[in-house]
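# Reading the structure
Listed below are the residues making up each chain.
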Amino acid sequence: MDFNRIALPLVHHGAELAGKFMPAVYPAYKTFALRNRINIINAWRQILSQPELKAYRPVFRSVNRPDKISISVLIDKYDIFLCDLYGVFQTSTGLLPGAGETIGRIQAKNKKIVFVSNTADNLPEGIAARYNKWGIDIQVGNIYTSGQLLVDTIKKQGWQGKKILTLGPDSAGEYVRRAGAIPVGEDDCRSASAVVLAHTRGFDYTDRFSAALNLARQGVPVIVANSDVTAQITAEFTGITGGAMGLQMEAILGRKIIWLGKPPLFSVVIDKLGLTAA
């Protein structure tokens, strides 16, 4: 599959962004994204500040304020769609208007749609089941989450069998268990090998965050499993999530911690799909 034929929604109308210059800058983006935790739009701006990519700056500026384009044109133009879930197709309480129709139109054209989410407390099978209940056919194999990156990270660090202080609901702990580690709370974390910041719900925030902070001050690694600062709870209401805890932790510690999610998650998905830059 040619990278020219992928629609990667990095910004609004991201497919246009992808089609115009993604093939040329993807190698630089991949290196940059894996090395830095940064807002996606700022990532592109910093990449394009590199002298060798100077020629693409006008393209980026034009794409940042694109003309309106219909979903029909996008569907005809691209073969693969990498789409977010929360705030794009759904909130925490249900589908957004037009979501089912849009997914159905992409599938009806036999185009591949892959869902890429920063969630670290919703399991892929749970996401698929929820959409199937809503009458939308989504396969587990087409869902990639930050929680899956967390599983890979725990395994690579050799923390199998180790305790990990997990901030989030039990579903976040399930990602830790799938990596072979043991999710624990503030009452059993003295020997924890790492701290995972997944979501702000499912625990007493003050007690568990305080425990996480004290472990971090002792040098225990801290991983932000969901890099989103906010989450769309309903169409009108926004809540805070893992990234907010990460920013709070960094502000108190005065140093950087480990961030997962997008943009590195995009690079992982692209590699798994076997896409190559043209």
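Here, the structure is the one placed above.
Residues numbered from 1 in each chain as written. Predicted model: local features only at pLDDT ≥ 70, side-chain atom pairs only at ≥ 80, totals over all residues. Heavy atoms only, no water.

### Some words on the nonpolar core
Ranked by internal contacts, the top residues of the largest apolar core, which has 29 residues, are Leu-82, Val-116, Leu-150, Ile-154, Ile-164 and Val-269. Elements that contribute at least two residues to this core include exactly strand 2 (80-83), strand 3 (112-117), helix 7 (146-157), helix 8 (170-178), strand 7 (194-197) and helix 11 (264-272). The next biggest cluster of nonpolar side chains, apart from the first, holds 22 residues, and it includes Leu-213, Leu-215, Ala-216 and Leu-253. (Core = buried A, V, L, I, M, F, W, Y, C linked by side-chain atoms within 4.5 Å. Buried < 20%, exposed > 50% of the residue type's maximum accessible area, 1.4 Å probe, protein only. Helix = DSSP H or I, 4+ residues; strand = E, 2+ residues; numbered from the N terminus.)

### Points about the pairing of strand 5 (residues 163-167)
Counting buried residues in strand 5 gives 4 out of 5 residues, a clear majority hidden from the surface. In the sheet, strand 5 pairs with strand 6 (residues 182-184) via 3 bridges, with the strands oriented parallel. In the strand pairing of strand 6, Leu-165 is matched with Val-184. Each parallel crossover has a hand, and the one from strand 5 via helix 8 to strand 6 is right-handed. Inspection of the sheet shows strand 5 paired to strand 7 by 4 bridges, in the parallel sense. (Pairing = 2+ DSSP bridges. Right-handed = clockwise from strand over helix to strand, strands pointing away.)

### Here we look at the environment of Ile-223
Following the sequence through the fold, Ile-223 ends up in strand 8 (residues 222-224). Distance from Ile-223 to Ala-198, taken between C-alpha atoms, is 8.5 Å for residues 25 residues apart in sequence. Discounting residues that sit within four places of it in the chain, Ile-223 has contacts with Leu-150, Thr-153, Trp-159, Val-195, Val-196, Leu-197, Ile-258 and Leu-260. (Contact = heavy atoms within 4.5 Å.)

### Concerning the environment of Trp-134
Along the chain, Trp-134 turns up in the loop between helix 6 (124-133) and strand 4 (143-145). Measuring from C-alpha to C-alpha, the distance between Trp-134 and Gly-94 comes to 8.8 Å, with 40 residues separating the pair along the chain. The residues touching Trp-134, leaving out its near neighbours within four places in the chain, are Gln-90, Gly-94 and Leu-95.

### Let's talk about the packing of helix 9 (residues 205-217) against helix 10 (residues 242-253)
Close contact between helix 9 and helix 10 brings their axes to 11 Å; oriented N to C, the two are set at 45°. If you check the angle between helix 9 and helix 10, you find them oblique. Where helix 9 crosses over helix 10, the two elements pack in a sense that is right-handed. Counting all contacts with helix 9, which are made through Tyr-205, Phe-209, Ala-212, Leu-213, Ala-216 and Arg-217, the residues of helix 10 involved are Met-245, Gln-248, Met-249, Ile-252 and Leu-253. (Axes fitted to C-alpha atoms, helices over the stretch in contact; angles between N-to-C directions. Parallel < 35°, antiparallel > 145°, perpendicular 65-115°, else oblique. Left-handed = near helix turned anticlockwise from the far one by under 90°.)

### Regarding the pattern of salt bridges
Pairs can form between side chains of opposite charge once their charged atoms are near each other. Under the definition given, this model contains 11 salt bridges. For Arg-208, the salt bridge goes to Glu-186, with nearest N and O atoms at 2.6 Å. With Arg-208 in helix 9 and Glu-186 in the loop between strand 6 and strand 7, this residue pair connects regions lying 22 residues apart in the sequence. Judged by its relative accessible area of 16%, Arg-208 falls in the buried class. Residue Glu-186 is classed as partly exposed on the basis of its relative accessible area of 23%. (Salt bridge = Lys/Arg side-chain N within 4 Å of Asp/Glu carboxyl O.)

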